[in-house]
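Residue-level structural notes
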Amino acid sequence: MSIELKSPREVAALRVAGKMAAETLMLVGDRLRVGMTTDEIDRIVHEDTVRRGARPAPLNYKGFPKSVCTSVNHVVCHGIPGSYALRDGDIVNVDVTTVAEGMHGDTSATFYVGAPSADARRVTEAARQALQVGMSVVKDGARVGDIGAAIQEYIEGLGQGFGIVRDYCGHGTGRRFHEEPSVAHYRQGRDERNARVRMKAGMVFTVEPMINLGTHEVETLGDRWTVVTADRKLSAQFEHTLLVTRAGYEVLTARDGVLRSSEGVVGVSA
């Protein structure tokens, strides 16, 4: 396994890409509304990314046909934007990856469309906090497996029967969209891939737990991209790109303000 440690120049470029991705995600939150199609979200992301002189990484990546992933309700990840019009009470994860100065900035958030149901609030806020818990253990010298162990301890401690998706994980990123290491969001066995890998200052990877209202099991639809919960219950996800530092970590996709339609929603803790 070869894990690249990023140079100061590469880190500077990653900060640029991460900031762009974060700002594009915030724009989505500003414009999100009932009745908007997921194709409209794709258009917002594509146009804003190109306007910044950057490139949307998902477009044509291994044949993916759009510039962003939009995963609604029971869609776990890799949802393809299309004609679906968002309904009051839906939740939608929007996964933005921006390529700027040769580097990838990868971030996502789950948004509330209109007034969220109690179930939508529960799973979305669990996923939001799971990301924070996973990030909290990132530091030079810690093991990659510590991230998943912390997330699983938190989710199980809620006692609400949530499932943590195992088939998809976080990943290293940089000049390539997906690099080593793989970052599991559940507690791995000691001998499982990457569990015992030590984090080192200069490593860059995503943490992006996907939390299901029911079982952790998922299925891929016939389009070979769209991943859904096996029981068709709701799923939510949040993602940041992190740089491991001597003191802990830096969030390369940190946002400068409140993410509208996600953070600070009435009746939902931010």
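Summary of the structure given here.

To continue, consider the packing of helix H1 (residues 8–31) against helix H2 (residues 38–51). Between two packed helices, both the angle of their axes relative to each other and the distance between the axes serve to describe the pair. One way to put it is that H1 packs onto H2 with a least axis distance of 10 Å and a crossing angle of 140°. Between H1 and H2, the angle falls in the class oblique. For the crossing formed where H1 meets H2, the hand is right-handed. Of the residues in H2, those touching H1 at Thr24, Leu27, Val28 and Arg31 are Ile41, Ile44, Val45, Asp48 and Thr49. Residue composition of the contact of H1 with H2, by class: 5 nonpolar, 2 polar and 2 charged.

Another point: the side chain of aspartate 48. Within the secondary structure, aspartate 48 is located in helix H2. Judged by relative accessible area, aspartate 48 falls into the buried class, the value being 6%. A polar contact of 2.9 Å, which involves the side chain of aspartate 48, links it to the side chain of arginine 52. Beyond its immediate sequence surroundings of up to four residues, aspartate 48 is in contact with Thr24 and Leu27.

The rules behind these values
- Residues numbered from 1 in each chain as written.
- Predicted model: local features only at pLDDT ≥ 70, side-chain atom pairs only at ≥ 80, totals over all residues.
- Heavy atoms only, no water.
- Axes fitted to C-alpha atoms, helices over the stretch in contact; angles between N-to-C directions.
- Helix = DSSP H or I, 4+ residues; strand = E, 2+ residues; numbered from the N terminus.
- Parallel < 35°, antiparallel > 145°, perpendicular 65-115°, else oblique.
- Left-handed = near helix turned anticlockwise from the far one by under 90°.
- Contact = heavy atoms within 4.5 Å.
- Nonpolar A, V, L, I, M, F, W, Y, C, P; charged D, E, K, R; others polar.
- Buried < 20%, exposed > 50% of the residue type's maximum accessible area, 1.4 Å probe, protein only.
- Polar contact = N/O pair within 3.5 Å; in protein donor to acceptor, adjacent residues only side chain to side chain.

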